[in-house]
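Examining the three-dimensional arrangement
The chain contents come next:
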Amino acid sequence: MHEMAITQGIVDICLQHAHDKQIRQVVIEIGDLSGVVPEAVTFCFSACTVDTLAAEARLEIRQVSGLGQCLDCGTEQPLERLYDPCRQCGSYALRLLKGEELRVVELEIDD
Ligand SMILES: [Zn+2]
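Description of the structure in this document. (Residues numbered from 1 in each chain as written. Predicted model: local features only at pLDDT ≥ 70, side-chain atom pairs only at ≥ 80, totals over all residues. Heavy atoms only, no water.)

Looking at the metal site, the zinc ion is ligated by Cys70 (SG), Cys73 (SG), Cys86 (SG) and Cys89 (SG), spaced 2.3 Å from it. For the zinc ion, the four donor atoms are set out with angles of 106 to 115 degrees between them, so the coordination reads as tetrahedral. Counting gaps between the donor residues of the zinc ion yields the pattern C-x2-C-x12-C-x2-C. Overall, the relative accessible area of 37% leaves Cys73 in the partly exposed class. (Donors = N, O, S within 2.8 Å, 3.2 Å for Na, K, Ca; no water. Tetrahedral: all angles 85-135°; square planar, octahedral: opposite > 155°, others 65-115°. Buried < 20%, exposed > 50% of the residue type's maximum accessible area, 1.4 Å probe, protein only.)

Written as structure tokens, this is what we have:
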């Protein structure tokens, strides 16, 4: 389960930024095309934060839908899977604009 390693990385980043203070809330963005399962991250987060300053932290996950732009016809379109063809012209030359995010966007720490 690679979510465990990913979540551990997220928790490490949060703890580094918390400067030994209690973490109240962590907000992360997960792209639908990132291959990361939000439910698994939620589960791993609880496990990774035991006995840390993030043990009481709430985790909020914002899912980001896939968005691509066709390099041939310029159409922007929702992408449900990587490597789907363009809905307009059938081209496979799509540039991914959104959907691969995996990052901490907010961190709330005790004063
Ligand atoms: Zn196209």
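The rest of the description comes next.
Under the criterion given, the structure shown has six salt bridges. Two residues, Glu29 and Arg103, come together in a salt bridge whose shortest N-O distance is 2.8 Å. Taken together, the positions of Glu29 in strand S1 (residues 23–31) and Arg103 in strand S6 (residues 102–109) put the pair 74 residues apart, joining distant regions of the chain. Classification of Glu29 by relative accessible area gives buried; the value is 16%. (Salt bridge = Lys/Arg side-chain N within 4 Å of Asp/Glu carboxyl O. Helix = DSSP H or I, 4+ residues; strand = E, 2+ residues; numbered from the N terminus.)

Looking now at the side chain of Glu101. In this structure, Glu101 sits in the loop between strand S5 (94–98) and S6. Of the side chains bearing the opposite charge, Arg103 lies closest to the buried Glu101, which forms no salt bridge; the N-O distance is 4.8 Å. In terms of polar contacts, Glu101 uses its side chain to reach the backbone amide nitrogen of Gly99, at 2.7 Å. With residues near it in sequence (within four places) discarded, Glu101 still touches Glu29, Ile30, Gly31, Ser34 and Val64. (Lys, Arg positive; Asp, Glu negative; His and termini not counted. Polar contact = N/O pair within 3.5 Å; in protein donor to acceptor, adjacent residues only side chain to side chain. Contact = heavy atoms within 4.5 Å.)

Attention now moves to the nonpolar core. Ranked by size, the top nonpolar core spans 15 residues in total, and within it Ile23, Val26, Ile28 and Ala57 carry the most contacts. Elements that contribute at least two residues to this core include exactly helix H1 (2–18), S1 and helix H2 (38–48). Of all the elements, H1 adds the most residues to this core, at five residues. (Core = buried A, V, L, I, M, F, W, Y, C linked by side-chain atoms within 4.5 Å.)

Let us now look at the environment of Ala18. Mapped onto the elements, Ala18 comes out in helix H1. Look at Ala18 and you get buried, because its relative accessible area is 2%. Along the chain, Ala18 and Asp110 lie 92 residues apart, while their C-alpha atoms are 8.6 Å from each other. If near-sequence neighbours (up to four positions away) are discounted, Ala18 is found in contact with Ile23 and Ile109.

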